[in-house]
Amino acid sequence: MSADTPWSPQDTALRHVAARSSGAALTAGLKLTMNFHPDRVLGAQHLLRRMAEDGVYFSQFVTGTSNGGLTARPGGDRWRWESRMFGGAYDHAPAQERPIYGALNYRHSVAGGAPRFGSSHFRLTDDTLERTTFCYPDSSTEPSAFAVASRFALIDMAEADGLDALDGHIEAHVHGSVRFDRDVEALVLDPSYRGTDVEKAARGLSCPIEWHPGFRLTVGHLRQHADYRGLEYVELGAEIAVDECLDPWVIGRAARTGAHDAQALKKVWHCLARFGAPPSAGGAAPDPTATCCSVNAVSD
């Protein structure tokens, strides 16, 4: 690039974060993941069908959907956080050029690096690391610790805090497009989606599909943790459960009815993700008495 050629927003953001980063290079073998709920819809269209048509993964500035806060708009909190983190690089950029959020799977979890944001995840190729920035804690906390792949000191910080998988993730921002045929090693789904419309839609993506062991939680085990997110969310979980069992498909079905507050269902998901996580997913120890099995249907 010549001195007369302006830097792209992506290049400007990467350079800005690199200048604020320190430490040795990131350990080889760690993966980027993007957790999400694959059964959500965009208008009348299934999220995964939209992804298959587009061929790329879009940020919430484009989709208007998120399992976190919905502040991805000019002047909103997400816009302000990005302006601060990336030195204003994206302040005037089109929504399609903004970074894609994920997490560094430094725990090697079968459920991805940030299960707080979804039961399933895309696992990205190693090449995407070179155009990714990181922060700890989450960008919503307005962090002061940043990293790039060549200067990475965040893992020791995260491990020292000792937070669980829902709160201790290292946030990642992939700059530039994420294409399913180039940048994704696999879509890793929860097994509650086997035989459902989610699996059928996922088959339309140009990337392999894998399955992790699955999130499962009995109502009885859920009731033991009413202090985690609150009794009202335990009661909501019990209300929507099928055969006294919660899994991602059950919560997604409840979300699509429109009969429940989306933020309340998010708290139910937090309970499932924390106390019903598969082995090695970084959650609480699984319930040894659970007999929960998949309760999905062929079509929902």
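Residues numbered from 1 in each chain as written. Predicted model: local features only at pLDDT ≥ 70, side-chain atom pairs only at ≥ 80, totals over all residues. Heavy atoms only, no water.

**Student:** Any chance you could explain the packing of helix H9 (residues 231-240) against helix H11 (residues 262-275) here in plain terms?
**Tutor:** Between two packed helices, both the angle of their axes relative to each other and the distance between the axes serve to describe the pair. Orientation of H9 relative to H11, taken along the N-to-C sense of each, is 90°, at an axis distance of 9 Å. Considered as vectors, H9 and H11 are oriented roughly perpendicular to each other. For the pair formed by H9 and H11, the contact residues are Tyr233, Leu236, Gly237 and Ile240 on the first element and Ala264, Leu265, Lys267 and Val268 on the second. Residue composition of the contact of H9 with H11, grouped by class: 6 nonpolar, 1 polar and 1 charged. (Axes fitted to C-alpha atoms, helices over the stretch in contact; angles between N-to-C directions. Helix = DSSP H or I, 4+ residues; strand = E, 2+ residues; numbered from the N terminus. Parallel < 35°, antiparallel > 145°, perpendicular 65-115°, else oblique. Contact = heavy atoms within 4.5 Å. Nonpolar A, V, L, I, M, F, W, Y, C, P; charged D, E, K, R; others polar.)

**Student:** Sorry, what's going on with the nonpolar core here?
**Tutor:** Generally speaking, soluble globular proteins have nonpolar side chains that are buried together. Counting 68 residues, the largest nonpolar core has Leu104, Phe122, Phe134 and Ile170 as its most contacted members. Tallying contributions element by element places H11 first for this core, with 8 residues. Filtering out sequence-adjacent residues up to four positions away, Phe122 remains in contact with Leu32, Thr33, Met34, Phe36, Met51, Tyr57, Phe180, Val184, Ala186, Leu187, Leu205 and Cys207. Membership of the second largest hydrophobic core comes to 11 residues, among which are Val17, Phe86, Ala93 and Phe146. (Core = buried A, V, L, I, M, F, W, Y, C linked by side-chain atoms within 4.5 Å. Buried < 20%, exposed > 50% of the residue type's maximum accessible area, 1.4 Å probe, protein only.)

**Student:** Can you walk me through the pattern of salt bridges in this structure?
**Tutor:** Working definition: two side chains of opposite charge can pair if their charged atoms are close together. Counted according to the given criterion, the structure contains 18 salt bridges. For Glu82, the salt bridge is made with Arg98, and the minimal N-O distance between the two is 2.4 Å. Separated by 16 residues along the polypeptide, Glu82 in helix H4 (residues 77-85) and Arg98 in the loop between H4 and strand E5 (100-104) bring together distant segments of the chain. Take Glu82 and Arg98: they sit in the same class, and that class is buried. Note that Asp167 and Arg116 form a salt bridge whose closest N and O atoms lie 2.6 Å from each other. Highlighted residues: Asp167 in the loop between helix H5 (154-161) and strand E9 (170-174) and Arg116 in the loop between E5 and strand E6 (120-124), separated in sequence by 51 residues. With relative accessibility at 22%, the residue Arg116 sits in the partly exposed group. Where salt bridges share partners, they join Lys31, Arg123, Asp126, Glu185 and Glu210 into one cluster. (Salt bridge = Lys/Arg side-chain N within 4 Å of Asp/Glu carboxyl O.)

**Student:** Is there a simple way to think about the packing of aromatic side chains in this case?
**Tutor:** The geometry of an aromatic ring pair is captured by two quantities: the separation of the ring centres and the angle between the planes. Applying the stated criterion across every chain yields a total of 8 aromatic pairs. Judged by centre distance (4.9 Å) and plane angle (5°), the ring pair of Phe36 and Phe122 falls under stacked. Residue Phe36 is found in strand E1 (residues 32-36), and its partner Phe122 is found in strand E6; the two are separated by 86 residues along the sequence. Ring geometry for Tyr57 versus Phe122: centroids 5.7 Å apart, planes at 85°, classification edge-to-face. Here the residue Tyr57 occupies a position in strand E4 (residues 56-57), and Phe122 occupies one in strand E6, the gap between them amounting to 65 residues. Ring-pair connections join several aromatic residues into one group, and the members of that group are Phe36, Tyr57, Phe122 and Phe180. Across from the ring centre of Trp7, 4.0 Å away, lies the NZ or CZ of Arg15, which sits over that ring. (Phe/Tyr/Trp six-rings, centres within 6.5 Å; stacked < 30°, edge-to-face > 60°. Lys NZ or Arg CZ within 6 Å of the ring centre and 35° of its normal.)

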